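# Coordinate inspection notes
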Amino acid sequence: MSSTEDRRFEVLRAIVADYVSTQEPVGSRALVERHSLGVSSATVRNDMAVLEAEGYIAQPHTSSGRVPTDKGYRQFVDRIADVKPLSPSERRAILEFLENGVDLDDVLRRGVRLLAQLTRQVAVVQYPTLSVSSVRHLEVVALTPARLLLVLITDSGRVDQRIVELGDVIDDENLSQLRRLLGGALEGKRLAAASAAVAELAENSPPALRDAMIRSATVLIESLVEHPEERLVLGGTANLTRNAADFAGDAGFPGSLRAVLEALEEQVVVLKLLAVTQDTRTVTVRIGEETQVEEMRGTSVISTGYGSAGMVLGGMGVLGPTRMDYPGTIASVAAVARYIGEVLAER
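This report concerns the structure included in the present document. Everything quoted here is computed from the prediction, not taken from an experiment. (Residues numbered from 1 in each chain as written. Predicted model: local features only at pLDDT ≥ 70, side-chain atom pairs only at ≥ 80, totals over all residues. Heavy atoms only, no water.)

## Comments concerning the overall build of the chain
Regarding its fold elements, the chain presents 13 helices and 10 strands. A compact globule built from 347 residues should have a C-alpha radius of gyration of about 20 Å, whereas the chain, at 26 Å, is more than 25% larger. Along the longest, intermediate and shortest principal axes, the C-alpha atoms of the chain span 90 × 45 × 30 Å. Expressed as a percentage of the 347 residues in the chain, the buried residues total 48%. Counted over contacts in the chain with a minimum sequence separation of 6, partners at least 24 positions apart contribute 60%. Only carbon and sulfur atoms are counted for the fraction: they give 49% of the accessible area of the chain, which is about 16800 Å². Put simply, the chain has 37 plus and 47 minus side-chain charges, and the middle of one group is 5 Å from the middle of the other. (Helix = DSSP H or I, 4+ residues; strand = E, 2+ residues; numbered from the N terminus. Rg over C-alpha atoms; globule rule 2.2 N^0.38 Å. Buried < 20%, exposed > 50% of the residue type's maximum accessible area, 1.4 Å probe, protein only. Contact = heavy atoms within 4.5 Å. Areas by Shrake-Rupley, 256 points an atom, 1.4 Å probe, with all protein chains shown as cover. Lys, Arg positive; Asp, Glu negative; His and termini not counted. Charge placed at Lys NZ, Arg CZ, Asp CG, Glu CD.)

Structure, rendered in structure tokens:
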């Protein structure tokens, strides 16, 4: 890239930095005063004219300064050379906070709350995708001679407890056989395969166990089937109101604050935005219309995958106005996702 293009990018970078900080259109005089660009005011004005002609910045009102466009933010994000890493103390604080989570639900809730606080945006995390989860262990506990507690634990840290009401009492010998058969059919299998295995087991169980097996299988299949409505945790939605001025248009208009809030309520919209995140090593940034969601055209979504041992368990990230601190937000999303993966891998 030529020195002229490099200089123009520095002007664009300065405009992005000032606009993110002040929320005010940026003029050439302010750029010269605030940044050491090493060129005259006339050169800065010429560079701004070229950037505007190429669609990287725009003038929202006559006689006002310039603001970055979606194209300008994209250019800025694509050329971020250094994302400021979190300090050792910040990383320790994140890890300790997440490690204190008592179970999967608590870890994910803590992760969302922490990410919303770090970025001051809306944070979202997807529950581990059941299609990639396997059954780690099944515990069968007799609460009474005619009532069982089934505790299903997956390798993603999910713990599901269900009660089985038996039609008759079950003795210790049959309980032991039931526990052995169910464990052998489920443990180590992906959830879809486990569901099929337990259904087949119910059909072929010994006569003495037939009724208890059918009742147990019916309850287990409910646990093994994915429930899309339970797959997301959101936090920091109120942060959108802090940036209400960033969302143009009347209430209900695509890109307005109301439209964004309504889209967030439709979990399928957010799941679609996270669906492309299939790598724990890459942070994806979608700006404005790149989200391909009309209601969210005034937003940016920064997301990544979380998981362990090379397996992506789900996606997580933040959503906010296109005017956001991209380097800091990228660093926070990457760090929280990494530590959620580490914490879940240890459980």
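What follows picks up the thread again.
## Thoughts on the sheet that holds strand β5 (residues 147-154)
In space, the 3 strands of this open sheet follow the order β4-β5-β6, with antiparallel pairing throughout. Since the sheet does not close on itself, it has two edges, and those belong to β4 (135-144) and β6 (159-165), each with one partner. Along the sheet, successive strands turn relative to each other by an average axial angle of 20°, direction set aside. Here 7 bridges tie β5 to β6, and the two strands are oriented antiparallel to one another. The residue of β6 that forms the bridge with L150 is R162. With respect to the sheet, helix α9 (residues 210-224) is in contact with β4, β5 and β6, its orientation differing from that of β6 by roughly 155°. (Pairing = 2+ DSSP bridges. Axes fitted to C-alpha atoms, helices over the stretch in contact; angles between N-to-C directions.)

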